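# Overview (structure and organization)
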Amino acid sequence: MRSSSPLPRMSRRGRVTIGVLVGVFVLFTLLGWGVQAWTDWLWFDEVRYTQVFTGVLATRLLLFLAVGLGMAVIVGGNLWLAHRLRPRMRPHSPEQATLERYRMLLSPRLGLWIALVAGVVGLFAGLSAQSRWNQWLLFRNGGDFGVEDPEFGVDIGFYVFQLPFWRYLLGVGFTAVVLSVVGALAVHYIFGGVRLQGVGDRMTNAARAHLSTLVAVFVLLKAIAYVLDRRAMLLEYNDGANVYGAGYADVNALLPAKEILAYISIVVAIAIIVFSNAWMRNLVWPGISLALLGVSAVAIGGIYPWAVQTFEVKPSAKEKEAPYIDRSIKATRAAFGLESVTTTPYAANNLTPPASLATDTSVVPNIRLLDPQLVSETYTQRQQVRQFYDFGEKLDVDRYAVNGKVQDYVVGLREVNYRQLTPQQNTWINRHTVYTHGYGLVAAPGSRVVCGGQPFFVSGFLGDPQEQQKQQQGQAQTNEQCAAQTEQIPAKQPRIYYGERMDEGDYAIVGQTDPERKAEFDRPVGEGGESYTYTGEGGVEIGSFTRRLLYAIKEQESNFLLSDAVNDNSKLLYVRNPRDRVEKVAPFLTLDGDPYPAVVDGRIQWIIDGYTTAATYPYAERINLQEQTADELTGRGTFQLARENVNYIRNSVKATVDAYDGSVRLYEFDETDPVLKAWNKAFGGDLVVPKSETPVELAEHFRYPSDLFKVQRNLLTRFHVTDPGDFYSAQDFWQVPNVPDAPDTGQKQPPYYLFTQFPGQESARFQLTSAVTPNGRENLAALISGSYVDGQPKLEVLDLPDQTRVSGPVQVHQSMTQNGNIRQQLNLLQSAQAQVQYGNLLSLPFGDGMLYVEPVYVKTAAQNAPPLLQRVLMSYGDGGSYVVLANNVADGIKQLVEQGKQAATPGAPPPPGGTPPGGTPPALTGELAEAANRVQAAITEVRAAQTSGDFERYGRALKALDEALTAFQRAQQAATAPTPGATPSGSPPASPAASGSAAPTPSG
């Protein structure tokens, strides 16, 4: 009788249809992979880093084939062996009758079925393995750190380079054995080697030997896992001490337990093989052995360490954990570059503004007033000319030597923002062949404002600088010089083909067969604009039909084949974001989120800091890069880092991208980093340019990287404490303050770049600085700064006394803005038509005290009106006693010094920043009342000019308001000046704001 098949047979047409669909899918998949690989090769050939492309590709293929084939052979071999060991005779039973139908299906093509299962398993194993290319390259090329771990005396290089790949291979072994056990058990069951019903043994001797051997191999792998776990314990979190690394209970209980369990696992593996096959030939004793291993793991590896932790460590944790806390402190400081931190006590006991403020030449002249985040809008409005130009949400700060003077400049590139193109401009031709580049690096000194609060632009002019100055003077209605007469930071090639505003799809097609036919819009001149044809070496040539077809498929765009704009001389510029270019060239680097441009030897170069990282440094604190680097600016001009957990980081590479031709260079910065040496060796040994060959002019623009500084600053809030007992008590920990003008948002205050001189420094430096406060309090605890000295990074801490009276950033901002007299003046700047915005709050140690400076910007409600700097908030001492709101830094310094002199004079009235007793200001009289009336009249005229839409009248009204406010401040100072024989009243005069009026601010 013909037995029925367990599965219906598919018709020939159905099989053909499925075959065609599978073939089409495979074809398009392979075509997509092929196009991607080919275009990647062309791109890497353009930037001359083909060794990275071939190295990564070859490593991935090697791992895919090695692990995939290995897994397929192991699993497939065990399936074949299980079938080979099937019994020849099977007892009759309903169970076997049911299984007979499946045996009839599998037996004719058993080899094909085994190959199919093994192939699928190998495919997924290979795909998983190829993503481990970075671990394999470090495994092969890693060396020693020259530092040993404190527990086993093993070089740190084993943990960073070897341990991750060994643990991966162990995982592959476990997976292979488990899949083999499951597969072999299934085959034995189908072909009668394992039975659930019937008389006699439930398992044949051959099946028992096969499966028990696999289980024994699993147990042996577990023994190896215990050995590796002993080393990996130095990476685990120690809950008892709130640090990373093995603690007292781990070292004294769990480590010996792991060693014992490793020996027990070996004995159990031998017992399984012996009892199952050589002696009793049953599964009772092997089962007992496995049960004993499980009980031992729970008792020895779980209960015993728990008992030690609970009854021995917890009652005296501070003493027991002290040696291990010390290990974590030392390891963390070494892994994150905190070993060489210089800590200098700073008394900060002077609370009175010293007279030396007025004559200082190192700190006061370099006070940066321009906030890179706020003035970005000003740059865009004053320097864009066309709506498609953009400077981004945040500018950058760098330093230049102009006319022999080094100072910091706020710089930005005038890039093309493709999202700002009008619908008429946003055609394929315009987007990719006309609007191909930006123009110019625009810079302004950070300490200077002109023409109603505008930056003093010194470079990046689109046309004649003198003509631009005339236009800005006309807008500001003043004879003041609003811009430099000539380019002070000249760029020989000012065009920007590669920039931060360019996304993945913003490719450009450049090049013409006819030199006279210039299709690219270069820059606006007069009513029209100049055209240009790209002459750089960057880009992939796409003149041939094959290349056009290739990129037409890649970009899914037929115009590559049909458009006349693509010709024999055409080049394709893509991957145009500098950070993306470096990430593609050096995929092993973690890149800083704040690239910045610099003019180097007449060319505009993007500079990106690259970090080498690791997550397996013994005893070091493990942090999440995304969390530790997030602050107010994240996503607003700076890139958010990936959620990468690391416990080792080095700024090993300074990468550059030429803004014109896109060329990428990787310059070695940390010559001692073993991780960078391993990567350099992995890619041929010449991937990075040695530090000694870094151009001097380029090195002059290197700056302390912001993301590394944030990580180090955040770690220093805890790991500045080096005594284990004090660390455990956590009494002297710090915290990073929130944004001073918006503390309730919970966003951290970003660090800021300054060209200044701190106490203990021989001269002014370009440094990244940040204030920190005691944990849970708002007074100032320390100032942390990072800079380069002789090309080497230097991290410094100015440590204030524990009981200091100096306020922190949040307290200072609140004290300054809530001061009664200043609040009234700020109300004059704030109205329904104007909004006050606060710039960087700078903390500047000076004269054994603390000088705080916060620029005040005003942004009117007029369309596209940028924020303009109008006033400067300044305080000295504890943040509340000496406070001024001045027109500029010079006036503010004079007022602070005068307040200090008044405080030193017996019987003198208090400084004018104080709040009147009772909170009610006296009535205005004399010159002060007249000045207030002038302010009110000016406010009325400004509002009338806004309503009329007459911009010329509006400019005159703004100028008159500014003059009226200045006159009011002078009258205020005169009213509060000490009079011979006068009795101090302690009450400053009121301002016009007491009547409830408010004024818009000059917009320039």
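Residues numbered from 1 in each chain as written. Predicted model: local features only at pLDDT ≥ 70, side-chain atom pairs only at ≥ 80, totals over all residues. Heavy atoms only, no water.

## What to know about the overall build of the protein chain
Our working rule: Strands are runs of DSSP state E lasting at least 2 residues, helices are runs of H or I lasting at least 4, and numbering of each runs from the N terminus. Buried means the residue's accessible area, taken with a 1.4 Å probe over protein chains only, is under 20% of the maximum for its type, while exposed means over 50%, and partly exposed covers the values in between. Contacts are assigned to residue pairs that have any heavy atoms within 4.5 Å of one another. Using the Shrake-Rupley algorithm and a 1.4 Å probe, accessible areas are obtained, with residue cover drawn only from the displayed protein chains.
Along the protein chain, the regular secondary structure elements total 27 helices and 34 strands. Going through the 1004 residues of the protein chain one by one, you find that 54% of them count as buried. Contacts in the protein chain between residues far apart in sequence, at least 24 positions, make up 70% of those at least 6 positions apart. In the form shown here, the protein chain has an accessible surface area of approximately 43900 Å², with 54% of it arising from carbon and sulfur atoms.

## Observations regarding the sheet that holds strand E16 (residues 540-541)
Applied cut-off: Two strands make a pair as long as DSSP finds a minimum of two bridges between them.
Read from one edge of the open sheet, three strands run E13-E17-E16, paired in antiparallel fashion. The sheet is open, and its two borders are formed by strand E13 (508-510) and E16, each paired with just one other strand. In this structure, E16 lies alongside strand E17 (residues 571-573), joined through two bridges in antiparallel fashion. Note on E17: the bridge partner recorded for Val540 is Leu572.

## Describing the packing of helix H2 (residues 50-84) against helix H4 (residues 110-130)
The relative placement of two packed helices comes down to the angle between their axes together with the axis-to-axis distance. Rules: An axis is simply a line fitted to the C-alpha atoms; with a helix, the fit covers only the stretch in contact. Between two such axes, the angle follows the N-to-C directions and lies from 0 to 180 degrees. Two helices crossing with the near one rotated counterclockwise from the far one by less than a right angle form a left-handed crossing, whereas a clockwise rotation gives a right-handed crossing. Amino acids are sorted into nonpolar (Ala, Val, Leu, Ile, Met, Phe, Trp, Tyr, Cys and Pro), charged (Asp, Glu, Lys and Arg) and polar (every other residue, Gly among them).
The contact between H2 and H4 brings their axes to 7 Å, and the two run at 150 degrees. Judged by the sense of rotation from one axis to the other, the crossing of H2 with H4 is right-handed. Touching Arg60, Leu63, Phe64, Val67, Gly68, Met71, Ala72, Val75, Gly76, Leu79, Trp80 and His83 of H2 are Leu110, Ile114, Val117, Ala118, Val121, Gly122, Leu123, Ala125, Gly126, Leu127, Ala129 and Gln130, all from H4. Grouping the constituent residues of the contact of H2 with H4 by class yields 17 nonpolar, six polar and one charged.

## Some details on the sheet that holds strand E5 (residues 396-402)
Through backbone hydrogen bonds, the strands of a sheet pair up, either in parallel or in antiparallel fashion. The strand order across the open sheet built from three strands is E5-E6-E9, with neighbouring strands paired in antiparallel fashion. Where the open sheet ends on each side, the last strands, each with one partner, are E5 and strand E9 (441-445). Recorded for the sheet is a direction-independent mean angle of 45 degrees between the axes of neighbouring strands. Bridge count for strand E6 (residues 405-413) against E9 is five bridges, and the pairing is antiparallel. In the strand pairing of E9, Leu413 is matched with Leu441. Across the sheet, helix H12 (residues 375-383) touches E6 and E9, and the angle it forms with E9 is around 120 degrees.

## What about the pattern of salt bridges?
Note the threshold: Should a side-chain nitrogen of Lys or Arg be within 4 Å of a carboxyl oxygen of Asp or Glu, the pair is scored as a salt bridge.
If you walk through the whole model with that rule in mind, you get 30 salt bridges. Measuring nitrogen to oxygen at the nearest pair gives 3.3 Å for the salt bridge that ties Lys584 to Asp40. Linking Lys584 in helix H17 (residues 578-585) with Asp40 in helix H1 (residues 12-47), this pair joins segments that are 544 residues apart in sequence. The class of Asp40 is buried, set by a relative accessible area of 15%. A salt bridge links Arg419 to Asp506; its shortest N-O distance comes to 4.0 Å.

## Observations regarding helix H19 (residues 674-682)
For an α-helix, 3.6 residues make a turn, and residues three or four places apart therefore share a direction. All of the buried residues in H19 are Pro674, Val675, Leu676, Ala678, Trp679 and Asn680. At its buried positions, H19 is contacted by helix H5 (133-141), helix H6 (156-190), strand E20 (603-614), strand E23 (648-658) and strand E24 (664-668). The first or second residue beyond H19 is Gly684, which carries a positive phi of 100 degrees.

## Observations regarding helix H25 (residues 889-904)
As a reminder, the rule being used: By this rule the span expected of a helix is its residue count minus one, scaled by 1.5 Å. By the criterion applied in these results, polar contacts are pairs of N or O atoms within 3.5 Å in which, for protein atoms, one can donate a hydrogen and the other can accept it, and in which residues neighboring in sequence qualify only through two side-chain atoms.
Between its first and last C-alpha, H25 extends 23 Å over 16 residues, near the 22 Å set by a 1.5 Å rise per residue. Every buried residue of H25 is accounted for by Val889, Gly892, Ile893, Gln895, Leu896, Val897, Gln899, Gly900 and Gln902. Taking the backbone nitrogen of Ala890 as reference, a side-chain oxygen 3.2 Å away marks Asn888 as the first, capping residue of H25.

## Here's the deal with the nonpolar core
Heads up, the condition is: Working definition of a nonpolar core: buried Ala, Val, Leu, Ile, Met, Phe, Trp, Tyr and Cys residues. They are joined through side-chain atoms within 4.5 Å.
Leu666 and Leu851 are the most contacted members of the largest nonpolar core, which totals 203 residues. Here the element with the most residues in this core is H6; it accounts for 14 residues. If you look at the next biggest cluster of nonpolar residues, it comprises 31 residues, including Tyr346, Met816, Leu826 and Val856.

## A look at the state of the cysteines
Heads up, the condition is: When two cysteine sulfur atoms lie within 2.5 Å, the pair is treated as a disulfide.
One pass over the full model with this rule turns up one disulfide. Disulfide pairing is shown between Cys451 and Cys482; the S-S distance is 1.7 Å. Residues Cys451 and Cys482 share a disulfide whose torsion about the S-S bond is about -100 degrees; that sign makes it left-handed. With Cys451 in the loop between strand E10 (449-450) and strand E11 (454-455) and Cys482 in the loop between helix H14 (465-476) and strand E12 (495-496), this residue pair connects regions lying 31 residues apart in the sequence. Per residue, the accessibility class of Cys451 equals that of Cys482, and both read buried.

## Let's talk about the packing of H5 against H19
Under the convention used in this document: Oblique is the label for any angle not under 35 degrees, not over 145, and not in the 65 to 115 range, which are roughly parallel, roughly antiparallel and roughly perpendicular in turn.
The geometry of H5 relative to H19 is characterised by a closest axis approach of 9 Å and an angle of 100 degrees between their N-to-C directions. Between H5 and H19, the crossing angle belongs to the class labelled roughly perpendicular. Residue-level contacts link Trp133, Asn134, Leu137, Leu138 and Asn141 of H5 to Ala678, Trp679, Lys681 and Ala682 of H19. Class assignment for the residues of the contact of H5 with H19 results in six nonpolar, two polar and one charged.

## Side note on the pairing of E24
Buried residues dominate E24, accounting for four of its five residues. With five bridges joining them, E23 and E24 adopt antiparallel strand pairing. Bridging across to E24, Lys654 finds its partner in Tyr667. Where E23 folds back onto E24 in an antiparallel hairpin, the turn is made up of five residues, including Gly662, whose phi is positive at roughly 75 degrees.

## Details of the packing of aromatic side chains
To keep things clear, this is the line we draw: Centres within 6.5 Å make a pair out of two Phe, Tyr or Trp rings, where for Trp the six-membered ring is used; the pair is then stacked when the planes are under 30 degrees apart, edge-to-face when over 60, and tilted otherwise.
Tallied over the entire structure, the rule returns 40 aromatic pairs. Ring plane angle 65 degrees and centroid distance 5.0 Å describe the contact between Phe174 and Phe218, whose orientation is recorded as edge-to-face. Of this pair, Phe174 sits in helix H6 while Phe218 sits in helix H7 (residues 205-232), placing them 44 residues apart in sequence. Judged by relative accessible area, Phe174 falls into the buried class, the value being 18%. Residue classification places Phe218 among the partly exposed residues on the basis of a relative accessible area of 32%. Here the aromatic rings of Tyr753 and Phe766 are separated by 5.4 Å at their centres, their planes lie at 5 degrees, and the arrangement is stacked. One end of the pair, Tyr753, is in strand E26 (residues 752-756); the other, Phe766, is in strand E27 (residues 765-774), with 13 residues separating them in the sequence. As far as burial versus exposure is concerned, Tyr753 and Phe766 are alike and both buried. Each member of the aromatic cluster is reached from another via a ring pair, and the members are Trp136, Phe139, Phe165, Trp166 and Tyr168.

## Points about the side chain of Thr380
Residue position: Thr380 is located in helix H12. Among the residues examined, Thr380 registers a relative accessible area of 11% and is labelled buried. In this view, Thr380 contacts Tyr389, Asp390 and Phe391; residues no more than four positions away in its chain are not counted.

## Notes on a negative patch on the surface
Keep this limit in mind: Surface patches are defined over residues having more than 30% relative accessible area and no salt bridge, joining like charges when they lie within 9 Å and nonpolar side chains (Val, Leu, Ile, Met, Phe, Trp, Tyr) when within 5 Å. This count recognises Lys and Arg as positive and Asp and Glu as negative, with His and chain-terminal groups excluded. Think of each charge as sitting on NZ of Lys, CZ of Arg, CG of Asp or CD of Glu.
A contiguous patch of negative charge on the surface is contributed by Asp723, Asp726, Asp732 and Asp802. Within the secondary structure layout, Asp732 lies in the loop between helix H22 (724-729) and strand E25 (734-735). On the accessibility criterion, Asp732 (31% relative accessible area) is partly exposed.

## Structural notes on a nonpolar patch on the surface
A surface patch of nonpolar side chains, amounting to about 1000 Å² of accessible area, comprises Val16, Val20, Val24, Leu27, Phe28, Leu31, Phe545, Leu549, Ile553, Leu561 and Leu562. At the level of elements, H1, helix H15 (545-555) and helix H16 (559-562) are the ones that each hand at least two residues to the nonpolar patch. The greatest single-element share of the nonpolar patch, amounting to six residues, is contributed by H1. Relative to the elements of secondary structure, Phe28 occurs in helix H1.

Distances and angles like these do not, on their own, reveal function.
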